[in-house]
Amino acid sequence: MNVIVLLKQVPDTESIIEIADDGASIKTEDVKWVVNPYDELAVEEALQVVEKNGEGQVTVLSAGIKQAETAIRSALAMGAHEGILIEDERLERADTTATGQVLAAALKKIPHDLIIAGQRAVDGDNYLVPAIVAESLDLPILPVIIKESIADGKITCEQVIQGGTMVVEADLPAVITTQRGLNEPRYASMPKIMKAKKKKIASLSLDEIGITDDSLFSNPKIRVESLQVPQKSRAGIIVEGGTPAEKADNLLRHLREDAQVI
Amino acid sequence: MTTNILAIVDHAEGKLRKSAYELVSEGRRLADASGGTLTALIVGKEVNAMAAELGEYGADTIFVCDDSCMADFDADLYTAAAVEVIKTTGAGIVLVGSSPTDRTLAARMAAKSGVGVAMECISARLRDGRLIGTRAMYGGKLLADVILEADPQIITFRSNVLNIEKNGKAGAITPLAPPPAESKYRIIEKKVRHTGSVELTEADVVVAGGRGMGGSDYTVVEALAKNLGGAVAASRSAVDQGWRSHEDQVGQTGKVVSPKLYVACGVSGAIQHLAGMSSSEVIVAINNDKDAPIFKHADYGIVGDLFDVVPAVTAQLQKMK
Ligand SMILES: Cc1cc2nc3c(=O)[nH]c(=O)nc-3n(C[C@H](O)[C@H](O)[C@H](O)COP(=O)(O)OP(=O)(O)OC[C@H]3O[C@@H](n4cnc5c(N)ncnc54)[C@H](O)[C@@H]3O)c2cc1C
Ligand SMILES: Nc1ncnc2c1ncn2[C@@H]1O[C@H](COP(=O)(O)O)[C@@H](O)[C@H]1O
């Protein structure tokens with residue numbers, strides 16, 4: 001069983017994000033980078049699939065710049081067997097269509113029975129790349145899942161829908177995407193972190209995976225025109241009162257008369 | 001430049017979702033601005049009765065794909081139906097809602113058409129026939145104006161961000177045969193968890209309980225939510241404790257809500273929690289630590305024990321009724 005995890009490096013959710021001089025991208029120098037939290041769930045699930053299956057391996061695939069190796073190493077430290085980085089400067093700002101097609105092109109050269117991706121990357125929150133990968137590879141895709149089991153070449157998943165779930169099944173190979181609740185990602189132990197540091201991460205160029213069309217990068221399908229810091233000022237009133245009942249009364253008066261929301 | 005608009009609407013338990021009214025109202029505004037037509041698409045089983053209403057909110061034409069094979073959301077079949085309607089109507093802009101299946105549909109349509117999606121927008125405007133969508137990035141730390149450079153321009157909207165307006169139009173109903181496509185997967189079973197309750201992302205009022213709840217007994221929070229006609233949410237800490245299910249989680253790795261009123265009870269106000277609720281119209285915080293960060297992000301704060309304050313608010317509300 002060859003399980004591939006699509007993994008993206010994103011700014012730590014605690015990082016301060018600042019707008020770059022072009023007004024349409026962010027300053028990357030001081031950002032602390034981490035594995036996209038949904039991709040961490042993907043790594044954990046991939047490891048569990050291989051462990052349960054008793055054979056096979058987990059390969060982590062990322063498209064980005066050199067720096068993304070750190071994220072791949074975090075996955076190796078969790079127990080992933082192999083890491084591959086498709087490396088090109090243009091991938092840093094590539095849109096979802098370009099990213100999806102690049103990943104799909106690489107996947108055509110990497111044996112895969114199951115591809116696990118995050119439901120979304122929490123930098124751009126696009127929810128798009130896995131669908132593009134599945135479409136390019138003509139594979140079934142089961143998104144936003146909280147449970148999975150494999151038997152007889154089929155994967156059965158519990159998928160989140162509004163107000164409930166749906167049990168769905170597809171033949172392998174297939175693409176699935178993660179939702180919180182699927183698992184609890186394991187911590188990497190110190191010895192494993194040390195071992196992962198020494199592991200070689202394979203690097204692929206766009207040429208090597210047959211991506212020669214520069215318009216994929218020069219003509220993006222989605223373009224961020226500008227970024228702003230949201231400006232929402234809050235009243236910031238502390239509601240006073242001698243007893244809980246008085247506080248409650250004062251709060252409701254504010255909500256009714258000033259804010260007019262009840 | 002005229003642009004035709006398509007709004008794909010969702011429904012549950014025989015009723016249109018709130019997002020359906022929002023999308024058709026917005027679609028009407030965009031169609032008027034661009035001089036194009038507005039088509040609505042509704043897919044499912046026994047959905048005919050819901051279709052007529054869409055004309056009242058401004059749909060010129062309503063495509064109805066009503067078939068037992070479309071009873072549950074099969075992304076492959078729904079995508080095929082939607083792509084077909086995009087073709088026949090020449091839609092340049094496609095509006096979609098923000099449930100998990102809505103987002104899946106938008107992503108799949110985009111993948112099929114080789115275009116992008118402006119996901120989870122909070123507003124949109126037209127400039128020279130191109131749509132500019134405003135959406136949150138980096139966990140709500142920034143707002144981005146994004147342009148979709150290829151047609152169809154597919155945009156999904158968060159719930160509760162668009163004005164609902166009546167605007168009677170012809171609402172001509174056109175039946176649509178299910179697509180000849182085959183699905184690459186099989187639906188085995190649908191498990192509906194709760195019926196009748198207000199969906200978190202569509203609720204006008206959300207009452208959240210955090211780690212300050214101290215356990216899985218959410219009675220006080222549920223009572224307040226019930227009296228305000230709202231939904232109950234939780235912080236990730238509460239979910240991690242097993243007190244509430246994942247679908248109640250608000251935040252960067254949970255749901256994003258934009259209600260009129262958000263009441264945070266025993267929630268400290270971590271940045272990842274704020275990412276899921278900071279776009280609420282009015283925020284109330286109830287916390288016994290006067291230095292809790294949540295107060296900096298609230299319109300109204302009460303410093304006190306939530307087990308005293310929340311029932312008191314519920315009691316006052318009941319008195320008012
Ligand atoms: C990658 C990542 C993603 C994350 N995603 C999310 C997410 O989506 N959503 C989310 O919520 N968090 C998320 N978190 C976790 C987040 O960082 C916080 O840990 C979490 O939000 C804290 O939850 P809390 O406010 O309920 O708990 P705490 O921070 O423990 O706060 C509890 C609060 O309750 C108050 N309190 C205690 N008892 C009472 C009482 N009796 N009456 C009144 N007040 C009381 C305390 O003063 C305190 O302020 C994420 C973290 C990471 C690293
Ligand atoms: N550059 C990338 N390299 C590898 N995987 C990616 C990349 N971008 C996105 N993905 C995968 O696609 C998922 C959804 O990303 P997105 O569509 O950007 O929200 C992520 O959780 C990853 O699994």
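How each quantity is defined
- Residues numbered from 1 in each chain as written.
- Chains lettered and ligands numbered in written order.
- Predicted model: local features only at pLDDT ≥ 70, side-chain atom pairs only at ≥ 80, totals over all residues.
- Heavy atoms only, no water.
- Helix = DSSP H or I, 4+ residues; strand = E, 2+ residues; numbered from the N terminus.
- Rg over C-alpha atoms; globule rule 2.2 N^0.38 Å.
- Buried < 20%, exposed > 50% of the residue type's maximum accessible area, 1.4 Å probe, protein only.
- Contact = heavy atoms within 4.5 Å.
- Areas by Shrake-Rupley, 256 points an atom, 1.4 Å probe, with all protein chains shown as cover.
- Lys, Arg positive; Asp, Glu negative; His and termini not counted.
- Charge placed at Lys NZ, Arg CZ, Asp CG, Glu CD.
- Near = heavy atom within 4 Å.
- Polar contact = N/O pair within 3.5 Å; in protein donor to acceptor, adjacent residues only side chain to side chain.
- Nonpolar A, V, L, I, M, F, W, Y, C, P; charged D, E, K, R; others polar.
- Pairing = 2+ DSSP bridges.
- Axes fitted to C-alpha atoms, helices over the stretch in contact; angles between N-to-C directions.
- Parallel < 35°, antiparallel > 145°, perpendicular 65-115°, else oblique.
- Left-handed = near helix turned anticlockwise from the far one by under 90°.
- Domains from an automatic or database assignment.
- Buried area = accessible area lost by both parts, 1.4 Å probe.

## Some details on the overall build of chain B
Here comes step 1: Secondary structure assignment for chain B yields nine helices and 17 strands.
Here comes step 2: Compactness check: chain B gives a C-alpha radius of gyration of 21 Å against a globular reference of 20 Å for 321 residues, within 12% of the reference.
Here comes step 3: Its C-alpha atoms put chain B at 60 × 40 × 40 Å along the principal axes.
Here comes step 4: Each of the 321 residues in chain B was classed as buried or not, and the buried ones make up 62%.
Here comes step 5: Relative to all contacts within chain B whose residues are 6 or more apart in sequence, the contacts with residues 24 or more apart total 62%.
Here comes step 6: Surface accessibility of chain B: about 11,900 Å² in total, with carbon and sulfur atoms responsible for 48%.
Here comes step 7: Chain B carries 33 positive and 38 negative side-chain charges, and their two centres are separated by 3 Å.

## Regarding the site of ligand 1
Here comes step 1: Surrounding ligand 1, one finds 26 residues, the nearest of these being Arg211, Ser235, Thr253, Ser268 and Gln272 of chain B.
Here comes step 2: Each of chains A and B places residues next to ligand 1.
Here comes step 3: Between ligand 1 and His273 of chain B, the relevant distance is 2.8 Å, taken from an oxygen atom to a side-chain nitrogen or oxygen of the residue.
Here comes step 4: When contributions to the shell around ligand 1 are tallied by element, the ones reaching two or more residues are helix H7 (236–240), helix H8 (271–277) and helix H9 (306–320) of chain B.
Here comes step 5: Along the lines of polarity and charge, the residues of the shell around ligand 1 split into five nonpolar, 17 polar and four charged.

## Overview of the sheet that holds strand S4 (residues 38–44) of chain B
Here comes step 1: Read across the open sheet, the 10 strands follow the order S12(A)-S9(B)-S8(B)-S7(B)-S10(B)-S6(B)-S1(B)-S4(B)-S5(B)-S11(B); overall the sheet is mixed. Either end of the sheet is taken by a strand with one partner, and the two such strands are strand S12 (222–228) of chain A together with strand S11 (172–175) of chain B. Neighbour-to-neighbour, the strand axes of this sheet turn through a mean angle of 30°, independent of strand direction.
Here comes step 2: In this sheet, strand S9 (residues 142–148) of chain B lies alongside strand S8 (residues 130–137) of chain B in antiparallel orientation, the contact comprising six bridges. When the bridges of S9 of chain B are listed, Ile132 of chain B appears paired with Ile147 of chain B.
Here comes step 3: Where helix H1 (residues 18–34) of chain B meets the sheet, it contacts strand S1 (4–9), S4, strand S6 (91–96), strand S7 (117–127), S8 and strand S10 (153–157) of chain B, and its direction lies at approximately 180° from that of S1 of chain B.

## Examining the packing of helix H4 (residues 129–137) of chain A against helix H5 (residues 100–113) of chain B
Here comes step 1: Close contact between H4 of chain A and H5 of chain B brings their axes to 8 Å; oriented N to C, the two are set at 45°. With respect to their mutual orientation, H4 of chain A and H5 of chain B come out oblique. Between H4 of chain A and H5 of chain B lies a crossing of right-handed hand. Facing H4 of chain A, whose interface residues are Ala131, Ile132 and Glu135 of chain A, H5 of chain B presents Ala107, Arg108, Ala111 and Lys112 of chain B.
Here comes step 2: When its residues are assigned to classes, the contact of H4 of chain A with H5 of chain B shows four nonpolar, no polar and three charged.

## A word on the site of ligand 2
Residue and element names in this part refer to chain A.
Here comes step 1: For ligand 2, the set of nearby residues contains 19 residues, the closest of which are Leu6, Asp39, Ala63, Ala121 and Leu128.
Here comes step 2: Tyr127 places a polar main-chain atom, nitrogen or oxygen, 3.0 Å from an oxygen atom of ligand 2.
Here comes step 3: Out of a free accessible area of 480 Å², ligand 2 has 98% covered by protein chains.
Here comes step 4: If you list the elements that add at least two residues to the shell around ligand 2, you get strand S4 (57–64), helix H3 (96–107), strand S6 (114–118) and H4.
Here comes step 5: Per-element accounting of the shell around ligand 2 gives the leading share, three residues, to S4.

## Focus on the side chain of Asn36 of chain A
Here comes step 1: Looking at where Asn36 of chain A falls in the secondary structure, it is placed in the loop between strand S3 (33–35) and helix H1 (37–53).
Here comes step 2: Apart from residues lying up to four places away in sequence, Asn36 of chain A is in contact with Lys8, Val10, Arg120, Ala121 and Val122 of chain A.

## A look at the domain arrangement of chain B
Residues and elements named next belong to chain B.
Here comes step 1: By domain assignment, chain B separates into domain 1 (5–175) and domain 2 (200–320).
Here comes step 2: A separation of 31 Å is found between the C-alpha centroids of domain 1 and domain 2.
Here comes step 3: Across the boundary between the two partners, domain 1 contributes 10 residues, which contact 11 residues of domain 2.
Here comes step 4: Here domain 1 meets domain 2 over a buried area of about 840 Å², counting both sides, of which 42% is carbon and sulfur.

## Observations concerning the sheet that holds strand S5 (residues 82–87) of chain A
Here comes step 1: Strand order in the open sheet formed by 10 strands is S11(A)-S5(A)-S4(A)-S1(A)-S6(A)-S10(A)-S7(A)-S8(A)-S9(A)-S12(B), and the pairing between neighbours is mixed. With partners counted over all chains shown, the strands left at the sheet margins are strand S11 (202–204) of chain A together with strand S12 (185–192) of chain B, one partner each. Adjacent strand axes in the sheet meet at a mean angle of 30° when their direction is disregarded.
Here comes step 2: Sheet topology note: the strand S1 (residues 2–6) of chain A/S4 of chain A ladder contains five bridges and is parallel. Each residue of the ladder has a partner; that of Val5 of chain A, found in S4 of chain A, is Val60 of chain A.

## Here we look at the pairing of S6 of chain A
Each regular strand carries side chains that alternate between the two faces of the sheet.
Residue and element names in this part refer to chain A.
Here comes step 1: S6 sits mainly inside the fold: five of its five residues count as buried.
Here comes step 2: Along S6, one buried face is formed by Leu114, Ile116 and Gly118 and the opposite face, lined by Ile115 and Ala117, is buried too.
Here comes step 3: In terms of strand pairing, S1 meets S6 through three bridges, oriented parallel. What sits directly across from Val5, in S6, is Ile116.
Here comes step 4: Relative to strand S10 (residues 174–178), S6 runs parallel, the two sharing five bridges. Considered in S10, the bridge of Leu114 is made with Ala174.

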